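# A look at the structure
Chain by chain, the residues run as shown.
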Amino acid sequence: EIHEQPSIIKDALRGRLTSEDTVNLEEMNLTPEQVRKFNRIYIVACGTAYYAGCVGKYFFEKVLGVPVEVDLASEFRYRGPILDDKSLVIAISQSGETADTLAAIRLAKQCGSTTAAVVNVVGSSLYRECDSLFHTKAGPEICVASTKAYITQVIGLYVMGVYLARARGTITAEQEKQFVREIRKFPEMAEKALETEAQIKEIAKDLAPKEHAFFLGRGLDYAVGLEGALKLKEISYIHAEAYAAGEMKHGPLALITKDTWVIVPVTQEHVREKTISNIKEMQARGATILAFQKEGDPSLADVVDYVVWVPKMDDLFMTVPTMIPLQLLAYWTSETLGREIDQPRNLAKSVTVE
Ligand code: M6R
């Protein structure tokens, strides 16, 4: 499923980008008047889908200029969110049957909000119940750990973000074209990202005996780190946590020792120097550092223990090429440990109860 991603991304984009480099999402069934009315967007989901939502929040706020909250569906439904007919509530789900996500959407409908689904399974409850739909077209996902579903959710949110921004008039026609040209590169970038596999396989042998790993990052690198940590913990059973890099000093730094691995995507230019100083703090405590860098950036090889080069895109879109090597890292670490990768212990593919 990791290797299917370049072709799955092509499927997910088919028909949604025009030859004039615009986004075509008529299928979402939203009028520009409706889109302009929204004064708040909520993204609700669980697990991997929630981490895709973290990317969505970042991108949406950049292009839409509307406050976007991303909520764990299990929290959203009990926290009394402020919902009305000017709210857009977007649920993300591979299965379309996750109990908490469905409950969140039903609550939003009761409050008169517009609901949208980024969903993979056609005909699922979410697919049937939401006002507006983006079908991710990832095909059946067999492995419990989500990979291609995540990538198509993230890509769906990019496409949707551009579409909504254009409808609201918060980006120009020229900006839309620039974004679409970048989005078109995803299949090729995913293919290139898979070329890191031989290197990742070797690195995974060194990570496998460790008990703890931290994933640090800032901005979109943090969003990617959250999903990278989930992938590693759920299939290798290594304890993995993701933190916003700037938070380490506020507590978790106490856990860093020479036995800790720290995995850091460093792809966001505007926070690069800040992340590097966080890396140095980890290094001073003896941690082993694995950095995922953007091709063309100055190498951090003199500061870190391993560098994996990720194909270069505009910073806003680096999530996709960065996530694929992180999936491979989880895969090969688990393979080295002899884990049951497709069916990790205690987990189910679809969580239809609370
Ligand atoms: O079907 P859903 O996307 O709603 O499932 C939500 C989570 O259970 C799911 O994303 C889970 O976290 C992943 N399978 C973990 O890899």
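Described in the following lines is the structure provided in the data block. Every value quoted in this text rests on a predicted model; they were computed, and no experiment measured them. (Residues numbered from 1 in each chain as written. Predicted model: local features only at pLDDT ≥ 70, side-chain atom pairs only at ≥ 80, totals over all residues. Heavy atoms only, no water.)

## Here we look at the sheet that holds strand β6 (residues 212-217)
Paired through their backbone hydrogen bonds, the strands of a sheet run either parallel or antiparallel. The parallel open sheet is built from five strands, whose spatial order is β7-β6-β8-β9-β10. Because the sheet does not close on itself, it has two edges, and the strands there are β7 (239-244) and β10 (306-310). Taking each pair of neighbouring strands and ignoring which way they run, the sheet shows an average axis angle of 20 degrees. Looking at chain direction, β6 and β7 are connected through six bridges and run parallel. Bridging across to β7, L216 finds its partner in Y243. Strands β8 (261-266), β9 (288-294) and β10 of the sheet are contacted by helix α10 (residues 197-207), whose axis makes an angle of about 145 degrees with β10. Contacting β6, β8 and β9, helix α12 (residues 272-284) runs over the sheet at an angle of about 170 degrees to β8. (Pairing = 2+ DSSP bridges. Helix = DSSP H or I, 4+ residues; strand = E, 2+ residues; numbered from the N terminus. Axes fitted to C-alpha atoms, helices over the stretch in contact; angles between N-to-C directions. Contact = heavy atoms within 4.5 Å.)

## Describing the site of the ligand
Taken together, 13 residues form the shell around the ligand, and within it S93, Q94, S95, T98 and E234 come nearest. The separation between a nitrogen atom of the ligand and a polar main-chain atom of V144 is 2.8 Å. S146 is positioned such that a nitrogen or oxygen atom in its backbone is 2.8 Å from an oxygen atom of the ligand. Taken by itself the ligand offers 410 Å² of open surface, and the protein chains cover 90% of this. Among the detected pockets, the ligand sits in the largest pocket. (Near = heavy atom within 4 Å. Polar contact = N/O pair within 3.5 Å; in protein donor to acceptor, adjacent residues only side chain to side chain. Areas by Shrake-Rupley, 256 points an atom, 1.4 Å probe, with all protein chains shown as cover. 1 Å grid on protein atoms, 1.4 Å probe; cavity = no way out; pocket = protein on both sides within 12 Å on 5 of 7 lines; lining within 4 Å. Sits in = over half its atoms within 2 Å of the grid points.)

## Observations concerning the pattern of salt bridges
Throughout the structure, instances matching the rule amount to 26 salt bridges. Two residues, R272 and D297, come together in a salt bridge whose shortest N-O distance is 4.0 Å. Placement of R272 in helix α12 and of D297 in the loop between β9 and β10 is noted, with a sequence separation of 25 residues between them. Just as R272 is buried, D297 falls in that class too. The shortest N-O distance in the salt bridge between K294 and D315 comes to 2.3 Å. Taken together, the positions of K294 in strand β9 and D315 in the loop between β10 and α13 (319-336) put the pair 21 residues apart, joining distant regions of the chain. With relative accessibility at 16%, the residue D315 sits in the buried group. (Salt bridge = Lys/Arg side-chain N within 4 Å of Asp/Glu carboxyl O. Buried < 20%, exposed > 50% of the residue type's maximum accessible area, 1.4 Å probe, protein only.)

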